[in-house]
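The residues making up each chain are set out below.
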Protein chains: 2
Amino acid sequence: MCQLLGMNGNTPTDIVFSFTGFATRAGRTGEHVDGWGIAFFEGAGVRHFVDHEPALLSPVADLIRHYPIKSRNVIAHIRKATVGRVALENCHPFVRELWGRYWVFAHNGDLVNYLPALDGPYRPVGDTDSERAFCWMLQCLRARFACHPGVEALADALGELSAGIAAHGTFNFMLSDGEALYVHCSTRLHYLVRQHPFATASLSDDEVSVDFAQVTTPDDRIAVIVTEPLTTNEVWRRFEPGELMVFVDGAPVLARLVSG
Amino acid sequence: MCQLLGMNGNTPTDIVFSFTGFATRAGRTGEHVDGWGIAFFEGAGVRHFVDHEPALLSPVADLIRHYPIKSRNVIAHIRKATVGRVALENCHPFVRELWGRYWVFAHNGDLVNYLPALDGPYRPVGDTDSERAFCWMLQCLRARFACHPGVEALADALGELSAGIAAHGTFNFMLSDGEALYVHCSTRLHYLVRQHPFATASLSDDEVSVDFAQVTTPDDRIAVIVTEPLTTNEVWRRFEPGELMVFVDGAPVLARLVSG
């Protein structure tokens, strides 16, 4: 299986600390060595890095660990291949454009006998069930809405689509357009919100601590969402199975059970 | 104005040498400091790096100069902003998916009063004339062909589209789907083909030489296409204004005058 990491904040924030712990699971504290990827929104643009080398060894991941790219919405993924070969085109996150915005998507879980009718403009390039699900969701959203319908209407639509897809298996996913981060949990995801007063956090996968009070302002608020908690001394809330949650400006703004 | 660099080869080849000279024009030997980008095909997948910092200073460009990513099709761009703000979403190359393949596009030149009717699935995310032209071309290709029609038919269609767009101004562009590299010249582009017997090449923008005989096999063949020649001791062929050329496996396979 794979692991997911997402960040949504009210101010551009780097993900060096969280990614350092997360990438350690790609070979040292975990077996997710079949590629990795990360996408950072920066304004309307996206920086998209994918690599089929393990994140622990990849020179590109080394750059991400040391170059503090600041973003309000980030999605990262480390892969343990189950469906689809180990190849660059199968590395998450995937990026497509809809309504003049980029959409970034990453998935954890297997979908069984999942062959949606992709007759719209989005076709998978690789051979993962994940990219098929992403293309299907965009096809349906595009057919339903001529432009972005707003976060709540979009969450409603994603809830319906997620329930249909989750009927085929495990569908933990993260999706963002740079404004909101949409997260659906089939089995396992956790999150926390860091805000004033900030404290020191210590990674569970590496000997690294950060005193967030030293690197933030009192107005900053950052939500971190991840498959398995990244730190030992913070309280992570576990998602309910079937829960869809939307994060905007570093806080959950909407949560509902959509699949079961 | 901007500058373009493309590479098409019959074997995965790194672009470290050419990119080193090219990136020097982003601040030292040229004034193209308003962002840069590069995309490498690897199988069906794409590694896409964009940055709004000058390529000479960017840590991401530093990675590209030192990490030999091997690819059969590469497109790079350094930007001197004329139309569109300096922002990540305005950095070339742009990437979209059509027919289950990624397409990478970069443009040099200004298009005047260019407002095509974008009523298909491709909408610009940024505000450059270049991304508008790319979206328009994909919209037209998708409307005309249900799947990839083959290199020659695609070149015919691109020739027609290029002529229409070039009527609005300067339209030097590079486009690739990872198999072929389609290049249109309005004003200024050069190319060469490196093949056996390989020789030593010396950059015009930096004190760097490479003896390609040491890093190639006799079967390798690589075409390099660039706005201004990159080396001092090789013979670069200049494109004709209005010429569309297609490169496959490191050689031009098709050349015709399509606009003028």
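About the cut-offs
- In this convention, every chain numbers its residues from 1, walking through the sequence in written order.
- Chains carry letters from A onward and ligands carry numbers from 1 onward, assigned in written order.
- Local features in a predicted model are, by the rule used here, given only for residues with pLDDT of at least 70; side-chain atom pairs are given and counted only at 80 or more, and totals for whole chains, interfaces and linings are based on all residues.
- Side-chain metrics rest on all non-hydrogen atoms present in the structure, leaving aside hydrogens and water.
- Pairing between strands is defined by DSSP: at least two bridges between them are needed.
- Numbering of helices and strands runs from the N terminus, with a helix taken as a DSSP run of H or I at least four residues long and a strand as a DSSP run of E at least two residues long.
- Where helices are involved, their axes are fitted lines through C-alpha atoms of the stretch in contact, as for all axes, and angles between N-to-C directions lie from 0 to 180°.
- Residue contacts follow a heavy-atom distance rule, with two residues in contact if any of their heavy atoms lie within 4.5 Å.
- Least squares is the method used to superpose the copies, on C-alpha atoms of residues holding a pLDDT of at least 70 in both.
- Working definition: with a 1.4 Å probe on protein chains only, accessible area under 20% of the residue-type maximum means buried, over 50% means exposed, and in between means partly exposed.
- Every patch collects residues that have over 30% relative accessible area and no salt bridge, joining them within 9 Å if they carry like charges and within 5 Å if they are nonpolar side chains (Val, Leu, Ile, Met, Phe, Trp, Tyr).
- Using a 1.4 Å probe, accessible areas were evaluated by the Shrake-Rupley method; residue-level cover was limited to the displayed protein chains.
- By definition, a salt bridge exists where a carboxyl oxygen of Asp or Glu is found within 4 Å of a side-chain nitrogen of Lys or Arg.
- His is not counted here, nor are the chain ends, while Lys and Arg score as positive and Asp and Glu score as negative.
- One atom stands in for each charge, and that atom is NZ of Lys, CZ of Arg, CG of Asp or CD of Glu.

Chain A carries the name Glutamine amidotransferase in an unreviewed UniProt entry, which gives Pigmentiphaga kullae as its organism.

A. Local environment of the sheet that holds strand E6 (residues 101–108) of chain B. All names here are of chain B. With respect to topology, 6 strands assemble into an open sheet ordered E5-E6-E7-E8-E14-E15, the strand pairing being antiparallel. Both edges of this open sheet fall to strand E5 (94–98) and strand E15 (251–257), since each of them pairs with a single strand only. Going from strand to strand, the sheet's axes swing by 20° on average, the running direction of each strand aside. For E5 and E6, the ladder comprises 5 bridges, and the chain directions are antiparallel. Within E6, the position partnered with Arg 96 by the bridge is Trp 103. The sheet strands contacting helix H3 (residues 129–144) are E5, E6 and strand E7 (172–176), and the helix crosses E5 at an angle near 10°. Those strands touched by helix H4 (residues 151–166) are E6, E7, strand E8 (180–185), strand E14 (243–248) and E15, and its axis lies near 25° from that of E8.

B. Spotlight on the sheet that holds strand E14 (residues 243–248) of chain A. Residues and elements named next belong to chain A. Pairing is antiparallel across the open sheet formed by 6 strands, whose spatial order is E5-E6-E7-E8-E14-E15. At either margin of the open sheet sits one strand with a lone partner, and together these are strand E5 (94–98) and strand E15 (251–257). Taking each pair of neighbouring strands and ignoring which way they run, the sheet shows an average axis angle of 20°. With 6 bridges connecting them, E14 and E15 associate as antiparallel partners. Following the sheet pairing, Leu 244 is matched in E15 by Arg 256.

C. Representation of the relation of the copies chain B and chain A in the model. Note on the copies: chain B fits chain A at an RMSD of 0.0 Å, the axial shift is 0.0 Å, and the rotation between them is 180°. Taken together, the rotation angle and the small translation identify this as a two-fold axis. A symmetric contact is evident, with 100% of the interface residues of chain B recurring at the interface of chain A.

D. The arrangement of helix H2 (residues 59–66) of chain B in detail. Here H2(B) has its buried residues at Val60(B), Ala61(B), Leu63(B), Ile64(B) and Arg65(B). Those residues of H2(B) that are buried are in contact with strand E3 (45–51) and helix H2 (59–66) of chain A together with helix H1 (16–24), strand E2 (36–42) and strand E3 (45–51) of chain B.

E. Spatial organisation of a positive patch on the surface. A cluster of like positive charges, contributed by Arg123(A), Arg142(A), Arg123(B) and Arg142(B), occupies part of the molecular surface. On the secondary structure map, Arg142(A) appears in helix H3 (residues 129–144). When its relative accessible area of 31% is taken as the criterion, Arg142(A) is described as partly exposed.

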